[in-house]
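Descriptive analysis of the structure
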Amino acid sequence: MSDAVLLMAYGTPASLDDVPAYFAHIRGGRPARAEVVEELRQRYQRIGGTSPLREVTEAQAAGVARVLRERGRAVPVAVGMKHAPPFIADVVSDLAQTGVRKIGTFALAPHYSKISIASYFSAAAEAAGAHGLALRARESWHDHPGLIAALAARVTAALRQAADPDAAAIVFTAHSLPERILSWHDPYPDQLLHTSTLVASAAGVSRWRFAYQSASHTGEPWLGPDLLDALRDLAAGGAREVVVSPVGFVADHLEVLFDIDVEAREVADSLGLRLIRAASLNAAPDFLAVLAALAAELLDTEPMS
Ligand code: FEC
């Protein structure tokens, strides 16, 4: 049986012209007002016109393939996206055409929510079923020791940039979701707090807080506290420096490069607060080792490191 790994990521518009179609896909076909689409285009413009998400994800896939090969397991490692080409279903279909019979897959987002992660798996499972492929999936990996160590190393490095590391505040962040997830006991908030607790402990920091970021304006309440409010609160309490560690994301993309690096930094600046953003994991060797271990475990080829 021929194996493959499928890394699933959110997806990003290939150009500014693709923003309306991308936005419509995210909204499940519900039309958005023209000014809201334009506002999104402007956010992409502010980070240089496109997001690096696709190239980072491809670099992660190439890196995982390399690490697995070095460990004696040469398997294709493909990238499938949820909201933009190459779509997950098409990639599964392509893998089936090349003779693959078993796919190990997980989303490049460590924390599970029915509202976010479940749809990655339904897309993959449906396509795998249609082609008679075996699918081995992992739904969350928020407490993987390698992930915790990699995130903690970024926090430590960010703290080193602070003028007064002992006094710097630390805020862990992740994408907000509609508050209604709480009514179905979704594991997302607890998994995020667990990751944050483990990372803080590994980085040796005792004072930290968690905030959500990137909430959409959909007319319903979203999970808080919001990062921007957390910054205001910290400044009011006398903080002068803050390290923001986006533990819910594993790559540089719009939600990191705009929502933190532009929007949150502007707010922090206006408050006299210096914002230091912990580096993203991207395709760094320590993170590639984590992804390769997850993939290998799914393919049942070697134990997790
Ligand atoms: O760099 C890029 O081009 C893509 C960046 C990107 C990532 C991402 C990750 C997550 N999202 C999650 C939940 C939601 C929910 C809605 C929603 C909407 C958007 C919009 C853009 C967008 N998201 Fe996203 N998300 C990224 C980008 N996201 C753009 C649309 C404009 C806006 O609202 O800002 C609301 C959908 C709706 O309207 O019905 C909910 C979650 C994650 C982290 C997990 C994952 O990566 O899958 C959760 C990256």
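Refer to the structure presented above.
Residues numbered from 1 in each chain as written. Predicted model: local features only at pLDDT ≥ 70, side-chain atom pairs only at ≥ 80, totals over all residues. Heavy atoms only, no water.

The next subject is empty space enclosed by the protein. All told, the structure shown has one cavity of 30 Å³ or more when counted by the stated rule. As a volume, the largest cavity reaches approximately 50 Å³. Lining the largest cavity, in full, are Leu151, Arg154, Ser245, Pro246, Phe249, Val250, Ala251, Val256, Ala278, Ala279, Ser280 and Leu281. Classifying every residue of the lining of the largest cavity gives nine nonpolar, two polar and one charged. (1 Å grid on protein atoms, 1.4 Å probe; cavity = no way out; pocket = protein on both sides within 12 Å on 5 of 7 lines; lining within 4 Å. Points joined across faces, edges and corners; volume = space filled by probe spheres on them. Nonpolar A, V, L, I, M, F, W, Y, C, P; charged D, E, K, R; others polar.)

Taken together, four strands build an open sheet; the order of strands is S2-S1-S3-S4 and the sheet is parallel. At either end of the open sheet lies a strand with only one pairing partner, and these are strand S2 (77–81) and strand S4 (134–138). Each strand axis lies, on average, 25 degrees off the axis of its neighbour in the sheet, ignoring direction. Alignment of strand S1 (residues 2–9) against strand S3 (residues 100–107), held across seven bridges, turns out to be parallel. Residue pairing for S3: Val5 is matched across the bridge by Gly104. Packing of helix H3 (residues 53–70) onto the sheet brings it into contact with S1 and S2, and relative to S2 it is tilted by some 155 degrees. Strand contacts of helix H11 (residues 285–299): S1, S3 and S4, with the helix running at about 140 degrees to S3, the strand carrying the most contacts. (Pairing = 2+ DSSP bridges. Helix = DSSP H or I, 4+ residues; strand = E, 2+ residues; numbered from the N terminus. Axes fitted to C-alpha atoms, helices over the stretch in contact; angles between N-to-C directions. Contact = heavy atoms within 4.5 Å.)

Spatially, the four strands line up as an open sheet ordered S6-S5-S7-S8, and their pairing is parallel. Every interior strand has two partners, whereas the edge strands, strand S6 (209–213) and strand S8 (274–277), have only one. If you compare each strand with its neighbour and ignore which way they point, the axes differ by 30 degrees on average. In the sheet, strand S7 (residues 241–245) pairs with S8 via four bridges, with the strands oriented parallel. Counted as the bridge partner of Glu241 is Arg274 from S8. On top of the sheet, helix H8 (residues 227–236) reaches strand S5 (169–175), S6, S7 and S8; it is set at about 140 degrees to S6, its chief contact.

Right, let's get into helix H7 (residues 188–203). Over its 16 residues, H7 extends 22 Å from the first C-alpha to the last, a length consistent with the 22 Å expected when each residue adds 1.5 Å. For H7, the set of buried residues is Tyr188, Pro189, Gln191, Leu192, Thr195, Ser196, Val199, Ala200 and Ala203. Down the axis of H7, the smallest arc covering the buried residues is 165 degrees, so these residues share one side. Turned more than 90 degrees off the buried face of H7, the exposed positions are Asp190, Ser201 and Ala202. Check the buried side of H7 and you find it contacts helix H6 (145–160), S5 and S6. One or two steps after H7, the chain reaches Gly204, where phi turns positive at roughly 75 degrees. (Expected span 1.5 Å × (residues − 1). Buried < 20%, exposed > 50% of the residue type's maximum accessible area, 1.4 Å probe, protein only. Arc of directions from axis to C-beta.)

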